[in-house]
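Read off the chains here:
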Amino acid sequence: MAGMKRKGAASVRKSTVEIMKEKAAARKKQIKKATANLKKAAKVRSTMLKKEREERKKLEAKLGPRKFSAADLKEFRELILGKRTEMLEELDTLKESMMDVTTGEYSAESSTYSLHMEQGTDAMEREKTFLFAARGSKFVSQLDDALVRIENGTYGLCRTCGLLVPKERLEAVPTAQTCAEYKNTGVPCERGKIAISLKKESE
Ligand SMILES: [Zn+2]
């Protein structure tokens, strides 16, 4: 009886060891399987990422360059400087016209100049001239900002989509900071939409 008991205990012990061994083996198998799955998933993911990167590259290429050539920038610089000089000259002329010829001071309400005209018309003319001058100096500062953008390499980039504004548009409006579509409709163009979604993805 005692021997059987011992044998029984031993067999129980043995089966426990066996169970543990089996469990260990099963776990090992599980780990192996999980590792294989992870590797497979990683491979799939890297293939997908690679594909995505390629797609992005293709799209980016379609969207065109993000900077004007040095020659283009030089042209824009000259265009802007020309417009700037032109406007400053116009502003000087305006200043002179606002100046009282006899006293060399800006004409005031009671100036002799106003005696030659009807009061109302005179005031209106003066207001128009001031408005024009204000618009002119704003334009000059916008041109200055454009020159800064040429210096820091951001000239011609649309503020909305980040794409290069078409050269023809900048030649017509060298201070433009958005594509014409966005300026006119408040909605980016199709290329712009692609660029914005690409930008969002990479953020
Ligand atoms: Zn744009």
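Residues numbered from 1 in each chain as written. Predicted model: local features only at pLDDT ≥ 70, side-chain atom pairs only at ≥ 80, totals over all residues.

S.K.: Help me out: how do you make sense of the overall build of the chain in this one?
M.R.: Along its length, the chain carries six helices and zero strands. Helices and strands appear in the chain in the N-to-C order α-α-α-α-α-α. When each of the 203 residues of the chain is scored for burial, the buried share is 9%. In the chain, 61% of the contacts between residues at least 6 apart in sequence involve partners at least 24 apart. (Helix = DSSP H or I, 4+ residues; strand = E, 2+ residues; numbered from the N terminus. Buried ≥ 20, exposed ≤ 12 C-beta atoms within 10 Å, placed from the backbone. Contact = placed C-beta atoms within 7 Å.)

S.K.: Just to check I follow, could you spell out the nonpolar core for this structure?
M.R.: Side chains that are nonpolar tend, in soluble globular proteins, to be buried together. Ranked by size, the top nonpolar core spans 13 residues in total, and within it Cys 158, Cys 161, Leu 163 and Cys 179 carry the most contacts. Those elements that provide at least two residues to this core are α2 (70-98) and α3 (119-151). Beyond its immediate sequence surroundings of up to four residues, Cys 179 is in contact with Cys 158, Cys 161, Leu 163, Val 165, Pro 188, Cys 189 and Gly 192. (Core = buried A, V, L, I, M, F, W, Y, C linked by C-beta atoms within 7 Å.)

S.K.: Looking at this structure, how should I read the environment of Gln 142?
M.R.: Mapped onto the fold, Gln 142 is located in helix α3. For the pair formed by Gln 142 and Pro 174, sequence separation is 32 residues and the distance between their alpha carbons is 9.4 Å.

S.K.: Would you take a moment to explain the confidence of the model for the chain for this structure?
M.R.: The predicted coordinates should not be examined in detail at positions where pLDDT is low. Confidence along the chain averages 86 in pLDDT terms, with 83% of residues attaining 70 or more. Averaged over each element, pLDDT in the chain is lowest for helix α1 (residues 2-63) (86) and highest for helix α4 (residues 167-172) (96). (pLDDT = per-residue confidence, 0-100.)

S.K.: Can you help me understand the environment of Thr 93 in this one?
M.R.: Structurally, Thr 93 can be placed in helix α2. Distance in space between the C-alpha atoms of Thr 93 and Ala 133 is 9.9 Å, their sequence separation being 40 residues.

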